[in-house]
Amino acid sequence: MSTVEQLKAAREDSLSATAGGPPPRTQNPFFGVGPITDMTSDEVDSRMLRFEFENWLEKNYRKFDDTGRDVGCFTAAEIGRSMHRGYPADKFLLDMMREIHRYFEFPKPNRLAVGLGGGHSGFTVCALHFLTVNDLAQHVYVDTPAPESDLSKASGFFRQSWGAQIVEMMRFARNGDEARIHFAKSEGVIPTADMLERMGIKVFFGVGHETTGATTYSRADIENLLDWIDRNPTEHHAVLDATSMLGAMPWGEELVAQVMAKCCLFMPFQKAIGGISGYFLVSFTPKALVLVEENQKKPSWAIPRQLKLAAPVDANMPLSGERTVKLGPFYDAQENKMVGGVINTFSTLAFAETTFGLLRVEEMIGPVKEMNRRSELNRAAINEWTSNSDLFHLGVTSAEHRGAAVTLIKVTDAEVSDPAIHARIIARSKQLLAFDGITHPNGVHEQGLDVARYINAFPGTPGDYRAWIGGIRPVEDIHALLDNIKYAYHRARIVVMEEELVKQGLTFPAAAQAGGRIRKDDPKRAYKVLICDHVGLKFGTDGKPDHSDVKEHVAAQGGTFHNAPYEEGMKLAPGIHFFYQPQLSKPDEIRPLTDKGQYDAVIAAATFLPKEAALNEGGVRIGAGTGNMGSGSWGGGNGEGGVAPLMNTPSFNSRATAQMCFKALLKVLPDLPVDEMHKLTAARKFDTGRDLVRFPTEKIEGKRIAIIGYGNIGREMAKLAQAFGMVVTVHARPRHKAWIESEGLIFAATPEEAAQSADVISVHTGLGPLNAATGTFANTNVVSGSVLARLNNGAIVLNYDRGECVDAAALDAAMASGKVRYAAIDADLFVNPESGATSGPMAPYLPLAEKYPGRLELLPHAAADTEHVSRVEGAKQAVDQIISAIRYKEVVNLKGDLPEGYALVGSKTVAGVGKCNGQTIAQAVVAGEAKAARSEAEAMAAIWAALATAATEDTRQALIARHGAALVKSFNNYATLMRRLGLEGPYA
């Protein structure tokens, strides 16, 4: 038993080896289901592949009436509940046999037999048909040690069972002779042709390779076997287990072609390509079929009906009549037909899956030659990896006999000499590699990596891990497998060493759980945050805007709210203090209060922060744009550079802004003169039947609106327009095109393209970045004269964004010409209290109001900033973001560059407004909504699939009558659920 110091040293070594955390994941965690798997990367990928298969099946398997007319498709559901006889079951089988024969390049003269079962059944069929007690000169060679011999102990159960079956056949048959069976002295080594001839071998059974022991034949072995066959092709027959050999023959194209032509191969094909239903295939050479038919003239033993390859010529004479392979369950590639029937009821869906899988493999990888080549590359990668390891070694010591489809890896750990401890470490490592995970003696649990399942080595074989590593797997997956095995072994060794140390009285208390994020602020420091805009717009009992909700929120987050400015010399307790100063509005008022770092951070809405404002812990703008956040601490309104993060709170006032913008539109469209009609009606001067004809109007439905910008407000405007039945065209950057179109909107590459033939144009781009060279913002005059010229005559212009976004001079010209009949502008206006002079983005529009009375509506940027709830909720989030930035150095809704020392933790918006993200989806799952979403989606998918594949209109109408209400209800439920969860629109 190891000493305490040795156990501790082994534990420390493994802790050091795994300090960097787990390595990259494997693409596919299933390493025990065959050399060829579907290689789907996750559960979604796998389910999508199932849908792809069903669509492929529906496309390729059609129904035809008695005139040959296509009357619809067969579906997976239909095949699954039907009998597997006749058409299309026969076509499923024929197609599968043809594609297998073609892809793996079996020679056309060789025939494929099919039967129910797996590899053992395939072997049994070969043994029962190739062997005979009637030819005393027929000796048999099996390339695995004799069952129950000392040499067979490392063979594994499967190999012994195959050898035992041949022994029992001879032992229990009349005139059987066990002395005619010859077994190998070592696994999978083929004697020379001379030696096989001296032994009188006529049938060679190759079972001592690949599947269990991770061996393959060397090139010399194959040359020996082919030499022996060529010396007497009529009497020398080789039968090889090809379960693992298909797609993993590392002997060069010429030798592989000879093996496929001259050897008989059996395989459990569901395992060979990763399928799900048990059926075997056997490839027979023409001369082997002659032997089979000859043996059946005088059978040596009874063969179960379901395993017979030679059927009676006369079905009424099954006992005494002639039997022939010409009526057996064979595929003839030369005629492209099944020459006989099959007795068993196979899974026709499994046959279809096999065909689909092979075609997909060919598309992914290429021909079987490429599969063989990739298998060799994977074997070489394992050879190289283990050659650089002192801990891991290959179970097969002979490099030329190492399998190209299966590998065995064993651990030789100088620090672990006890076999029982070694076995515990291996077992625990497999728990970690799978989904089980491992638990330390102190109760700390390590979650399973789920990167390698089913990697158990067969008992007795020289290895601790066994994995299929065939050519469909990219070599990167092999590296990931090996790196994860190494990591898992070390993590498991830590656990086992701790268990042993506990027995010695040494414990490892669980580390204190952090219980949340790690604080990074100075616990002795008082941080000061300036709030320089109103955070409540409704008036309280004191007649002033009510900020109490935000004050309470600050307190709930552990901060202190001061309804007063910070003054030099104030004694503040450690923590975050918020100083509420909403009366500030001008840069000249802000500058002397902040230019010496009097405050650490700021929350602002409309107030402009000058460059000199030193706010080195960050700033948050309540709202989307950050053009007013001019502090040099974060590099100005673009957030480019500086030491502090610039953030915003997008989406809170998006709906309020869009609604106010739409309110302006509804004043004009529909164009019913409600004020005039009200006066006439109230004065009893309007007769409905007689006077309505005098007021023809145009509805808003069907009108085209051009929305410039696909931000939160632009998207909300688009949703409102869609609700009113308008045609919506959106101009945004090209990366938004797919998302715009996914919402039923029309993407426009330019503002001019969006405006073409539009009845309304609404701009929602924000000012964009400031060009330092020109002093203008990127979106200045984005609605230009050329854009306005594309509108329909009598169009409406809405600018509830920034005044500068519309060219006021061009708007003047468009209104003068009648191109624009009405405009609504919401922009900042500043008035000098002494001189009355006006300034700000609204100023250029003021003359137009006088010039075009009744055709212009002007608001002083009030659309969003007058909504109390939006301002309060935005301010609360701003408080949270400032606290996160100060306490944890975590930034939410970053604008511009991320300063050094900060971590970006994503974005946060109001549910349903703007982009959703992974957190939105995760919250829906945690809330238990995934089950409801799945239920509704599956209901819709089932009904739509049935309707899409209905063979006749009568069938379709019957399905609609039965399921139409359920379909629409599921859609309504699903759409409502998605809106409630905010899972709509673009994805961040």
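## Comments concerning the overall build of the chain
Each helix and strand in the chain was counted, giving 30 helices and 37 strands. Here the C-alpha radius of gyration of the chain, 40 Å, is well above what a compact globule of 988 residues would show, namely 30 Å. C-alpha extents for the chain along the principal axes are approximately 125 × 85 × 50 Å. Looking at the chain as a whole, 50% of its 988 residues qualify as buried. Sequence separation of at least 24 residues holds for 68% of the intrachain contacts in the chain that already meet a minimum separation of 6.

## Points about helix α15 (residues 475-503)
Spanning 29 residues, α15 covers 43 Å between terminal C-alpha atoms, matching the ideal 42 Å at 1.5 Å per step. Where burial is concerned, most of α15 is hidden: 22 out of the 29 residues are buried. Directly after α15, the chain includes Gly505, whose backbone phi takes a positive value near 90°.

## Points about the pairing of strand β4 (residues 139-142)
A regular strand carries its side chains on alternate faces of the sheet. Note: β4 against strand β6 (residues 201-206), four bridges, orientation parallel. Paired with Tyr141 across the strands is Phe204, a residue of β6.

## As for helix α18 (residues 654-666)
The terminal C-alpha atoms of α18, which comprises 13 residues, lie 18 Å apart, in line with the 18 Å expected from a rise of 1.5 Å per residue. Those residues of α18 that sit buried are Ser654, Ala656, Thr657, Ala658, Cys661, Phe662, Ala664 and Leu665. On its buried face, α18 sits against α21 (712-723), β28 (760-763), β31 (795-799), β32 (820-826), β35 (856-859) and α27 (868-888).

## Digging into the sheet that holds strand β7 (residues 237-241)
The nine strands are arranged β5-β4-β6-β7-β8-β9-β3-β12-β13 in an open sheet whose pairing can be described as mixed. Looking at the sheet topology across the chains shown, the edges are occupied by β5 (181-183) and β13 (337-338). Here strand β8 (residues 264-268) runs beside strand β9 (residues 279-284); their pairing, made up of four bridges, is antiparallel. Within β9, the position partnered with Leu265 by the bridge is Ser283. Set on the sheet, helix α11 (residues 286-297) makes contact with β3 (111-116), β7, β8, β9 and β12 (330-332); between it and β9 the angle comes to about 105°.

## Let's talk about empty space enclosed by the protein
Across all of its chains, the model carries four cavities of 30 Å³ or more by this definition. In this model, the second largest cavity occupies a volume close to 60 Å³. Mapped by element, the contributors of at least two residues to the lining of the second largest cavity are α13 (368-387) and β15 (406-411). Along the lines of polarity and charge, the residues of the lining of the second largest cavity split into six nonpolar, four polar and two charged.

## Digging into the packing of helix α2 (residues 43-60) against helix α12 (residues 348-365)
Interhelical geometry of α2 versus α12 gives an angle of 105° and a closest axis separation of 10 Å. Relative to α12, α2 is oriented roughly perpendicular. Taking contact as the criterion, the partners of Leu49, Arg50, Glu52, Phe53, Trp56 and Leu57 in α2 are, on α12, Leu349, Ala352, Glu353, Thr355, Phe356, Leu359 and Arg360. Broken down by class, the residue content of the contact of α2 with α12 amounts to eight nonpolar, one polar and four charged.

## Section: the packing of helix α5 (residues 119-130) against α11
Running from N to C, α5 and α11 point in directions that differ by 65°, and their axes come no closer than 8 Å. Here α5 lies roughly perpendicular to α11, going by the angle between them. In this structure, α5 uses Leu128, His129 and Phe130 to contact α11, whose residues at the interface are Ala288, Leu291, Val292, Asn295 and Gln296. Considered class by class, the residues forming the contact of α5 with α11 number five nonpolar, three polar and no charged.

## Digging into the sheet that holds strand β19 (residues 526-531)
On the basis of which strands lie adjacent, the open sheet formed by six strands has the order β20-β21-β19-β22-β23-β24 and parallel pairing. Edge strands, defined here as strands with exactly one partner in the open sheet, are β20 (560-562) and β24 (646-648). Adjacent strand axes in the sheet meet at a mean angle of 20° when their direction is disregarded. Both strand β23 (residues 618-621) and β24 contribute to a ladder of three bridges, which runs parallel.

## Observations regarding the state of the cysteines
If you walk through the whole model with that rule in mind, you get zero disulfides. With no disulfide of its own, Cys126 lies 7.1 Å from the sulfur of Cys264, the closest cysteine sulfur. Not engaged in a disulfide, the cysteine Cys805 finds its nearest cysteine sulfur in Cys661; these two sulfurs lie 12 Å apart.

## Regarding the environment of Ala17
Structurally, the position occupied by Ala17 is in helix α1 (residues 4-17). Residue classification places Ala17 among the partly exposed positions, given a relative accessible area of 44%. The sequence separation of Ala17 and His490 amounts to 473 residues, and the corresponding C-alpha distance is 7.1 Å.

## Points about the pattern of salt bridges
For the coordinates displayed, the defined rule picks out 59 salt bridges. For Glu5, the salt bridge is made with Lys8, and the minimal N-O distance between the two is 3.9 Å. One end of the pair is Glu5 and the other is Lys8, both in helix α1 and three residues apart, which spans about a single turn. Judged by its relative accessible area of 32%, Lys8 falls in the partly exposed class. Linked by salt bridges that have partners in common, Lys91, Asp95, Arg98, Glu99, Arg102 and Glu362 make up one network.

## With respect to the side chain of Asn799
Looking at the element boundaries, Asn799 is found in strand β31. By relative accessible area, Asn799 is classed as buried at 0%. A distance of 3.1 Å separates the side chain of Asn799 from the backbone nitrogen of Asp801, its partner in a polar contact. In contact with Asn799, not counting residues within four places along its chain, are Val763, Cys805, Val806, Ala824, Ile825, Asp826 and Tyr845.

## Digging into unusual backbone geometry
Following Tyr87, the chain continues to Pro88 via a peptide bond in cis, the omega torsion being 10°. Cis peptide bonds are those with omega within 30 degrees of zero, and the linkage from Leu669 to Pro670 qualifies with -10°. For Pro670, the position within the fold is in the loop between α18 and α19 (674-682). In the Ramachandran plot, Glu148 falls in the positive-phi region, its phi being about 65° despite a non-glycine side chain. Examined against the element boundaries, Glu148 turns out to sit in the loop between β4 and α6 (156-172). Here Tyr454, not a glycine, exhibits a phi torsion of approximately 60°, which is positive.

## Structural notes on the packing of aromatic side chains
How two aromatic rings sit relative to each other is given by the distance of their centres and the angle of their planes. Enumeration over the complete set of coordinates arrives at 24 aromatic pairs. On the numbers, 5.1 Å between centres and 85° between planes, the contact of Tyr103 with Phe104 is edge-to-face. You can call Phe104 buried: its relative accessible area is 3%. Through pairs of rings, three or more aromatic residues link up here, namely Phe53, Trp56, Tyr61, Phe92 and Phe356. Seen from the ring of Phe74, Lys63 lies directly overhead, with NZ or CZ sitting 5.4 Å from the centre. Between Arg473 and the ring centre of Phe31, over which it is positioned, the NZ or CZ distance is 3.8 Å.

Each value, and the rule that gives it
- Residues numbered from 1 in each chain as written.
- Predicted model: local features only at pLDDT ≥ 70, side-chain atom pairs only at ≥ 80, totals over all residues.
- Heavy atoms only, no water.
- Helix = DSSP H or I, 4+ residues; strand = E, 2+ residues; numbered from the N terminus.
- Rg over C-alpha atoms; globule rule 2.2 N^0.38 Å.
- Buried < 20%, exposed > 50% of the residue type's maximum accessible area, 1.4 Å probe, protein only.
- Contact = heavy atoms within 4.5 Å.
- Expected span 1.5 Å × (residues − 1).
- Pairing = 2+ DSSP bridges.
- Axes fitted to C-alpha atoms, helices over the stretch in contact; angles between N-to-C directions.
- 1 Å grid on protein atoms, 1.4 Å probe; cavity = no way out; pocket = protein on both sides within 12 Å on 5 of 7 lines; lining within 4 Å.
- Points joined across faces, edges and corners; volume = space filled by probe spheres on them.
- Nonpolar A, V, L, I, M, F, W, Y, C, P; charged D, E, K, R; others polar.
- Parallel < 35°, antiparallel > 145°, perpendicular 65-115°, else oblique.
- Disulfide = S-S within 2.5 Å.
- Salt bridge = Lys/Arg side-chain N within 4 Å of Asp/Glu carboxyl O.
- Polar contact = N/O pair within 3.5 Å; in protein donor to acceptor, adjacent residues only side chain to side chain.
- Phe/Tyr/Trp six-rings, centres within 6.5 Å; stacked < 30°, edge-to-face > 60°.
- Lys NZ or Arg CZ within 6 Å of the ring centre and 35° of its normal.

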